[in-house]
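# An overview of the molecular structure
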Amino acid sequence: MEKETYLGVDVSPLSYDEIITDLKSRMIQGEQSTIIAVNPEKVMAAKSNSELRSLINGSTYQIPDGIGVLLASKLKGGSIRSRVTGVDMMERLIRFAAEDGYKVFLYGAKQEVVETAKQKLEEKYPGLNISGIENGYVKDQDELINKINQSEADFLFVAMGSPRQELWIRENMKKLNVKVFQGVGGSFDVFSG
Ligand code: UDP
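Residues numbered from 1 in each chain as written. Predicted model: local features only at pLDDT ≥ 70, side-chain atom pairs only at ≥ 80, totals over all residues.

In the predicted model, the protein carries a mean pLDDT of 97, and 100% of its residues have values of at least 70. Both scores are available for the predicted complex, with the pTM at 0.97 and the ipTM at 0.92. (pLDDT = per-residue confidence, 0-100.)

Moving on, we come to unusual backbone geometry. A cis amide bond links S162 with the next residue in sequence, P163, at an omega value of 5 degrees. Here P163 is to be found in the loop between strand 7 (155-159) and helix 8 (164-172). The phi torsion at A109 lies on the positive side, around 70 degrees, for a residue other than glycine. Structurally, A109 is set in the loop between strand 5 (103-108) and helix 6 (111-124). Judged by local crowding, A109 falls into the buried class, with 28 C-beta atoms found within 10 Å. For E152, which is not glycine, the phi torsion reads 60 degrees and is therefore positive. The exposure class assigned to E152 is partly exposed, which follows from the 14 C-beta atoms found within 10 Å. (Helix = DSSP H or I, 4+ residues; strand = E, 2+ residues; numbered from the N terminus. Buried ≥ 20, exposed ≤ 12 C-beta atoms within 10 Å, placed from the backbone.)

So, on to helix 1 (residues 16-28). An α-helix turns once per 3.6 residues; consequently, residues spaced three or four apart project the same way. Between its first and last C-alpha, helix 1 extends 19 Å over 13 residues, near the 18 Å set by a 1.5 Å rise per residue. Immediately downstream of helix 1, the backbone of G30 shows phi near 75 degrees, a positive value. (Expected span 1.5 Å × (residues − 1).)

The pairing of strand 3 (residues 33-38) with strand 8 (residues 180-183) spans 3 bridges and is parallel. Looking at the pairing, I35 lines up with Q182 of strand 8. Inspection of the sheet shows strand 3 paired to strand 4 (residues 61-64) by 4 bridges, in the parallel sense. Each residue of the ladder has a partner; that of I35, found in strand 4, is Y61. (Pairing = 2+ DSSP bridges.)

Attention now moves to the sheet that holds strand 5. What the 6 strands build is an open sheet, ordered 4-3-8-7-5-6; its pairing is parallel. Across the chains shown, the open sheet's two edge strands, defined by having one partner strand only, are strand 4 and strand 6 (129-134). Within the sheet, the average angular offset between the axes of one strand and its neighbour, ignoring direction, is 20 degrees. Across the sheet, helix 5 (residues 86-100) lies against strand 3, strand 4, strand 5, strand 7 and strand 8, angled at about 150 degrees from strand 8, the strand it touches most. (Axes fitted to C-alpha atoms, helices over the stretch in contact; angles between N-to-C directions. Contact = placed C-beta atoms within 7 Å.)

Taken together, 13 residues sit near the ligand, with A109, G136, G161, G185 and G186 positioned nearest. A per-class count over the shell around the ligand returns 5 nonpolar, 6 polar and 2 charged. (Near = placed C-beta within 6 Å. Nonpolar A, V, L, I, M, F, W, Y, C, P; charged D, E, K, R; others polar.)

What follows deals with the pairing of strand 7. Burial of strand 7 is extensive: 5 of the 5 residues sit out of reach of the surface. Of the two faces of strand 7, both are covered, the one formed by F155, F157 and A159 as well as the one formed by L156 and V158. Here strand 5 pairs with strand 7 via 5 bridges, running parallel. Across the sheet, Y107 pairs through a bridge with V158, a residue of strand 7. Strand direction decides the pairing type here: strand 7 and strand 8, joined by 4 bridges, are parallel. Each bridged residue has a counterpart across the sheet, and for V158 the counterpart in strand 8 is G183. Handedness of the β-α-β unit built from strand 7, helix 8 and strand 8 comes out right-handed. (Right-handed = clockwise from strand over helix to strand, strands pointing away.)

Next comes the structure, spelled out in C-alpha cells:
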C-alpha cells in the first residue's frame with residue numbers, strides 16, 4: 001500500500017472514503033486491519049524509539065491526525081492535504097458499520113463514559129449494533145478476550161491512550177475474530193460528552 005514517510009514513520013495518504021473502500025476489500029479477503037493516528041509528537045517520539053516506530057509502521061493505516069503531518073507532506077511534495085482525525089475516522093467507521101450491519105465493541109475509558117458513548121452513538125446512528133462494551137480498567141484479560149469474541153464484533157475501538165491501546169491491539173489481535181481495530185484515545189469521552 002502506498003505510504004509517505006516522515007523521519008522513518010509511515011503515513012497513509014488516503015482520505016476517509018479511500019480507507020473505507022480499502023477496508024471493505026480487506027474485510028472480504030478475511031484480513032485484519034489496524035488504524036493508528038499519527039501526529040508530529042508521535043513522529044518525534046518514534047525517531048528515537050524503534051519499538052514505537054515499528055508499532056506505527058506495522059499498522060495497516062497510519063492516519064494523518066495532526067496538522068504538522070500535512071505541512072511536512074506539502075513541503076516534501078507529498079499528497080496529504082487534509083487531516084484524517086482519529087475521532088472522525090471512528091465516527092465514519094461507526095456509520096459504515098450501522099449501514100452494512102457490522103457489529104461494534106467499545107473497550108476503554110471509565111465505565112460510565114463507555115456506557116454513555118454506546119447510548120449516544122446508538123441514538124445517533126439508527127441500526128447501529130454495539131454488541132459489547134468494557135471499561136479500560138478491567139484486570140482479567142482472558143475473560144475480556146472471550147467477551148469480545150462472544151459479542152461477534154467486527155470492529156473494535158480501544159480507548160486507553162496511545163501507545164497503550166495500540167500495544168494492546170498488537171498483543172491481542174490474533175486471538176480475536178475482529179476485522180478492524182482502531183486505537184481512539186479520548187474519543188469515548190468526546191462521544192459521551
Ligand atoms: N484509560 C483507560 N485505561 C487506562 C488508562 C486510560 O481506559 O488504564 C482511558 C481514560 O479513561 C481516557 C483515555 O484512556 O478515556 C485516555 O485518553 P487520552 O486523551 O489520554 O488519550 P490520547 O488521545 O491522548 O492518546
